[in-house]
Amino acid sequence: MAKITLNKNNFFNNLDIIAKATQSVDKIAVVLKDNAYGHGLVAMATMAKEYGVKKAVVQTEDEAKQIEDFFDYILALNAIPHVPERSGKHPLGVKSDKVRYTINDLHSIVKFPQGTKVELKVDTGMHRNGVAMNQLEEAFAKIKEQGLVLEALFTHHRSADELSSEWFWQKDNFKKVKEEAVGLAGKYDFGALRFHSSNSAALFRNSSFDEDMARVGIAAYGCMQLPDAIKIEGLKPVLSLYANKISSRELNSSERVGYGGTFETDKNCVVSNYDFGYGDGFLRVCSNNYTTPHAKKLVGRISMDNSSFICEDDEILIFDDASKIALSAKTMSYEVLTSLKSSIRREII
Ligand SMILES: *Cc1c(COP(=O)(O)O)cnc(C)c1O
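All residue numbers here refer to positions counted from 1 along the written sequence of the relevant chain. In view of the model being predicted, local features appear only for residues whose pLDDT reaches at least 70, and side-chain atom pairs are presented and counted only at 80 or more, with totals across whole chains, interfaces and linings using the full set of residues. Remark: hydrogens and water are excluded; side-chain values derive from all non-hydrogen atoms of the structure.

Peer 1: A description of the domain arrangement of the protein should follow, citing residues and the corresponding values.
Peer 2: What counts as a domain boundary in this text is fixed by an automatic or database domain assignment. In terms of domain boundaries, the protein breaks down into domain 1 (3-230) and domain 2 (241-348). Here the C-alpha centre of domain 2 lies 36 Å away from the C-alpha centre of domain 1. In this assembly, 17 residues from domain 1 lie in contact with 21 residues from domain 2. Accessible-area loss on putting two parts together, using a 1.4 Å probe and summing over both, is the definition of buried area adopted here. Across the interface of domain 1 and domain 2, roughly 1700 Å² is buried in total on both sides, 59% from carbon and sulfur atoms. Contact definition: two residues touch when any of their heavy atoms are within 4.5 Å.

Structure, rendered in structure tokens:
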């Protein structure tokens, strides 16, 4: 069976580096959406709690429910509380009121039940989610009218991981938003608001971080891919993927391997077939174009449940750094990781 190992020391090492940047563990909100970037939601939540992280960010209600006991604060990026009819239960069915819900546009405000703790996403330039900067007052008025508890405003950068001036432009926009929001919070009687805007790349680009929290995903998993000028030293990948041998064969020179026979041997060799295929999350575009960290060459097309390597070992390390295999797959570490199926066994080491 293929398996994933999660290196706790590496995760804690990354959290040490992140905590230095945020200047406090309490300001780390670890992003656990998409099965914790493919690492395994509960396994990563368990380790984050052990480290002392108190905040988490997820997409959905279901994710929030699964990690409710691990954190004091959970921000759901894309969830509207489901209110069971005539039930006294909390909308989510969760035991506590740890979950904060994101308002992603003006229209959705009426969908949140009275008393829901919400955070308002503001569109400072990415044009994906959030109310426009000139809709702030309208949003505050609607949130008040709906009887929601507004606790924070936040935004997301579209270019924090690129060397361009756009990052500074959005940062400046959010500064204006903060100034206006402070006034509006007074006017609409919301109390002190929290503010956050940093993902991993943005956190490390701030020379001095001064917000209430940072939403850190890929840096915690140790798989950032940044231009050299803004590279962060010392982060270590948490996840490694191993596959097991299903079978082996000795091939002569000029024999072809796999669907379509796309790989041809140039000498006698042993080709073994391992139990990790595209059905498990091995991006098929890597076919014939990947060599493992131990220099084992992937040969032929990746099939649904199998992939073949010039290798005789019973177990093979497929990758221990998603950023590297991402290059073969012509994609980013995020996609490599989130493609890994939740059915693969996870083991904390
Ligand atoms: C996914 C996500 C993050 C985390 O981004 P990383 O680049 O992985 O640190 C932060 N904020 C929002 C809104 C996100 O969707």
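Peer 1: I'd like to hear about the nonpolar core, residue by residue, with values.
Peer 2: What is meant by a nonpolar core is a set of buried Ala, Val, Leu, Ile, Met, Phe, Trp, Tyr and Cys residues, joined one to another through side-chain atoms within 4.5 Å. Each residue's exposure class comes from its accessible area (1.4 Å probe, protein chains only) as a fraction of the maximum for that residue type: buried when under 20%, exposed when over 50%, partly exposed otherwise. Counting residues in hydrophobic clusters, the biggest one holds 107 residues, and the most contacted among them are L32, L120, F140 and L153. Among the domains, domain 1 (3-230) and domain 2 (241-348) are the pair contributing at least three residues each to this core. Those residues in contact with L120 that sit more than four places away from it in its chain are I103, V131, L136, A139, F140, I143, L150, A152, L153 and F154. If you look at the next biggest cluster of nonpolar residues, it comprises 6 residues, including L251, C269, V271 and V299.

Peer 1: How would you explain the site of the ligand if you had to name every residue and give the values?
Peer 2: Near the ligand lie 14 residues; those nearest to it are K33, Y37, S200, R215 and Y334. Taking K33, its side chain carries an N or O atom lying 2.6 Å from an oxygen atom of the ligand. Pairs of N or O atoms are called polar contacts if they sit within 3.5 Å, as long as, within protein, a hydrogen donor faces a hydrogen acceptor (for residues adjacent in sequence, only side-chain-to-side-chain pairs). One of the backbone N or O atoms of I218 is found 2.8 Å from an oxygen atom in the ligand. Per-residue and other accessible areas follow the Shrake-Rupley method at a 1.4 Å probe size, with only the shown protein chains counted as cover for residues. Contact with the protein chains hides 94% of the accessible area of the ligand, taken as 390 Å² for the molecule alone. Starting at the N terminus, helices and strands are each numbered in turn, a helix being any DSSP run of H or I of at least four residues and a strand any DSSP run of E of at least two. Residue assignment for the shell around the ligand shows that the elements contributing at least two residues are α2 (33-37) and β10 (214-216). Tallied by class, residues from the shell around the ligand come to 6 nonpolar, 4 polar and 4 charged. When we say a residue is near a molecule or strand, we mean one of its heavy atoms is within 4 Å of it. Gly falls in the polar group here, along with every residue not listed as nonpolar (Ala, Val, Leu, Ile, Met, Phe, Trp, Tyr, Cys, Pro) or charged (Asp, Glu, Lys, Arg).

Peer 1: Kindly report on the pairing of strand β4 (residues 73-76), identifying the contributing residues and their values.
Peer 2: Side chains on a regular strand alternate between the two faces of the sheet. Residues Y73 and L75 of β4 are buried on one face, and the alternating residues I74 and A76, pointing to the opposite face, are buried as well. In this sheet, β4 lies alongside strand β3 (residues 55-58) in parallel orientation, the contact comprising 4 bridges. Each residue of the ladder has a partner; that of V58, found in β4, is A76. Look down the strands so they point away from you; if the path from the first strand over the helix to the second goes clockwise, the crossover is right-handed. Note that the unit made of β3, helix α4 (residues 61-66) and β4 has a crossover that is right-handed. By the bridge criterion, 3 bridges tie β4 to strand β5 (residues 99-103) in an arrangement that is parallel. Each residue of the ladder has a partner; that of I74, found in β5, is V99. Should DSSP find at least two bridges between two strands, the strands are regarded as paired.

Peer 1: With reference to specific residues and values, describe the environment of M47.
Peer 2: Tracing the backbone shows M47 in helix α3 (residues 41-51). The sequence separation of M47 and R256 amounts to 209 residues, and the corresponding C-alpha distance is 45 Å. Sequence-distant contacts of M47, defined by excluding residues within four places in its chain, comprise L6, K8, F11, F12 and I348.

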